[in-house]
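# Structure at a glance
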Amino acid sequence: MRSRASAGGSQVRVLSGLALLLIAIVFGGGGSGAGFFNLAVQAASLAVLAINFDLVARFAGRAPRPAVALIVLSALFPLLQCIPLPPAVWQALPGRALVHDSLQLVGEQDSWRAFSVVSQRTLVAFFSLVPPFALIVLTWDLPGEERRKFLAAIVGGAIFVTLLGAQQLALDNRHLMLFSETVGSRDLQGTFANRNSAGLFLDAALCALVALLPFGRRKPMHMWAAAGIAALLLVGLVLTRSRSSMALVIVPMLFLALRMWKSGLFARLRGRFAILALVGVAVVAAAAIGLVADNRRVQVSLGRFDELQDARPLIWSDAVGSVSRFWPLGSGIGTFDEVFQIDESLENLGPGRAARAHNDYLEVALESGVPGLALVAAWAVLLGLLAWRAVRRGGDVVVAVPVLGLFAIQSILDYPLRNQTLLCVAGLMIALMLGSHVRQGDRRGPREADLRN
């Protein structure tokens with residue numbers, strides 16, 4: 001009876017985690033502008049945490065202390081920026097002169113104000129952290145077979161995104177669209193409002209697919225199915241027209257080469273079999289090239305690499321001015337769009353708004369200053385140590401290293417962790433890394449210890 005109860009609790013844990021991940025993939029790709037869809041993901045995460053509330057205490061008590069501390073600090077950071085401060089304090093903060101002058105027009109200059117210049121935005125940023133936190137709590141100490149279900153869910157979600165995006169493109173992106181800003185675009189969008197995020201998600205899914213490949217076991221049907229899925233995702237990746245995501249496809253390819261080498265597959269590719277394998281790869285590659293060479297959409301996507309003009313350097317130049325205005329403490333998480341317009345140069349103005357810094361590290365410097373950059377540095381150190389441990393132990397947890405590497409690299413040119421889908425994927429990858437610290441004998445069900453007492 002005890003084992004059945006434990007298995008039932010573990011099953012609820014896995015099913016609720018998978019449900020949350022799939023909800024995030026379907027509804028969480030819209031960014032800060034998709035309030036209703038983000039609310040759906042956050043409500044689902046709160047429901048999942050309520051169902052599995054005992055796992056929060058389990059995580060706090062058993063997970064590595066540095067990770068628990070960083071997660072708590074990351075969650076508290078936006079909340080601290082929303083606490084009202086007396087006028088003498090907030091008026092002395094860097095960059096608050098314009099806020100003071102504006103409030104003086106309505107006689108509110110001596111009111112209590114939060115550290116963040118737009119506390120509503122900062123509070124939204126706090127709630128966006130709930131879904132990845134829920135996934136970390138649910139999955140960090142799961143056994144290997146259960147972890148693989150989550151990787152398979154990412155691959156399945158990527159297939160859905162690609163197929164939905166193909167249908168959208170067939171209808172000129174005027175029907176089946178989830179977000180109004182994507183209507184009429186030329187990119188494969190799927191469930192995302194940003195082509196770079198869509199492309200990066202497909203890159204991450206390719207890494208998950210590589211982690212699921214049954215190297216060392218003779219399952220040719222599985223390998224052929226994986227090859228077909230990889231081809232589908234690669235076509236979808238090209239159709240997103242995201243240059244950074246197309247360039248970053250090198251990461252899952254390197255991960256594939258590493259897995260093949262670690263499994264000893266290269267050593268077995270000798271003689272006649274090696275020749276047949278190379279011929280087969282050449283034939284498949286030639287067929288794929290011939291299939292897409294004359295495709296107009298593929299040509300347009302690849303042609304974007306010839307477009308050298310980019311507005312990002314202009315945005316970065318003006319954003320540096322905003323950083324200096326609010327340095328060293330920042331303007332508040334989520335406030336970039338409001339404060340950037342103060343320092344945006346007239347000669348750089350265009351028909352749209354920058355909305356983001358298109359460099360997450362620069363945006364953190366503006367919104368959170370030295371404390372935010374210190375928090376990012378602490379995460380980099382922790383994840384670096386966890387990555388080293390994961391690589392040494394091997395197994396499917398290694399997939400977290402290339403996926404988080406993808407996010408870190410694209411953050412130089414974009415803002416991948418500003419939507420719920422990729423935040424949840426990142427949370428899952430962090431959970432996999434934390435799981436590399438759990439001994440096999442310690443991987444018990446969430447209620448098993450209590451049942452044995």
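Residues numbered from 1 in each chain as written. Predicted model: local features only at pLDDT ≥ 70, side-chain atom pairs only at ≥ 80, totals over all residues. Heavy atoms only, no water.

This next bit is on the overall build of the protein. For the protein, the count of helices and strands is 22 helices and 2 strands. Looking at the 453 residues of the protein, the share that counts as buried comes to 47%. Per element, the accessible surface of the protein, about 22,200 Å² overall, is 67% carbon and sulfur. (Helix = DSSP H or I, 4+ residues; strand = E, 2+ residues; numbered from the N terminus. Buried < 20%, exposed > 50% of the residue type's maximum accessible area, 1.4 Å probe, protein only. Areas by Shrake-Rupley, 256 points an atom, 1.4 Å probe, with all protein chains shown as cover.)

Ranked by internal contacts, the top residues of the largest apolar core, which has 83 residues, are Phe59, Ile154, Phe201, Val399 and Met429. When residues in this core are grouped by element, the largest group, 12 residues, is from helix α10 (residues 195–212). Those residues within four positions of Phe201 in sequence are excluded, and the remaining contacts are Ile25, Ile154, Gly157, Ala158, Val161, Phe192, Thr421, Leu422 and Val425. In this structure, Ile315, Ala319, Leu362 and Ala365 belong to the second largest nonpolar core, which totals 12 residues. (Core = buried A, V, L, I, M, F, W, Y, C linked by side-chain atoms within 4.5 Å. Contact = heavy atoms within 4.5 Å.)

A few words on the pattern of salt bridges. Counted under the stated rule, the structure contains 12 salt bridges. With a shortest N-O distance of 2.8 Å, Arg356 and Glu363 are connected by a salt bridge. The same class applies to Arg356 as to Glu363, namely buried. Of the charged contacts in the structure, one is a salt bridge between Glu363 and Arg418, with a shortest N-O distance of 3.7 Å. In this pair, Glu363 is assigned in helix α19 (residues 360–393) and Arg418 in the loop between α20 (400–410) and α21 (420–435), connecting sequence segments 55 residues apart. Through salt bridges with shared partners, one network takes in Arg356, Asp360, Glu363, Glu367 and Arg418. (Salt bridge = Lys/Arg side-chain N within 4 Å of Asp/Glu carboxyl O.)

With that out of the way, let us pick up the confidence of the model for the protein. In this model, the protein carries an average pLDDT of 85, and 81% of its residues clear a pLDDT of 70 or more. Predicted confidence for residues 299–306 stays below pLDDT 50, and this span has 16 contacts to residues more than four positions away or in other chains. Across residues 443–453, confidence stays below pLDDT 50; counting only partners more than four residues off in sequence or on other chains, it has 28 contacts. (pLDDT = per-residue confidence, 0-100.)

A few words now on helix α18 (residues 336–343). For α18, the complete set of buried residues consists of Phe336, Asp337, Val339, Phe340 and Asp343. The elements touched by buried residues of α18 are α17 (312–326) and α19.

Here we come to the environment of Leu432. Turning to its location among the elements, Leu432 is positioned in helix α21. Take Leu432: its relative accessible area is 3%, and that puts it in the buried class. Spatially, the C-alpha atom of Leu432 lies 5.3 Å from that of Val397, the residues being 35 residues apart in sequence. If sequence neighbours within four positions are ignored, Leu432 has contacts with Arg147, Leu151, Val397, Val399 and Ala400.

With that settled, consider unusual backbone geometry. For the peptide bond that leads from Trp327 to Pro328, omega is 10 degrees, which places it in the cis range. Tracing the backbone shows Pro328 in the loop between α17 and α18. Phi at Leu176 takes a positive value of approximately 65 degrees, unusual for a residue other than glycine. Residue placement: Leu176 occurs in the loop between α9 (144–170) and α10. Phi is positive for His358, close to 55 degrees, though the residue is something other than glycine. For His358, a relative accessible area of 16% puts it in the buried group.

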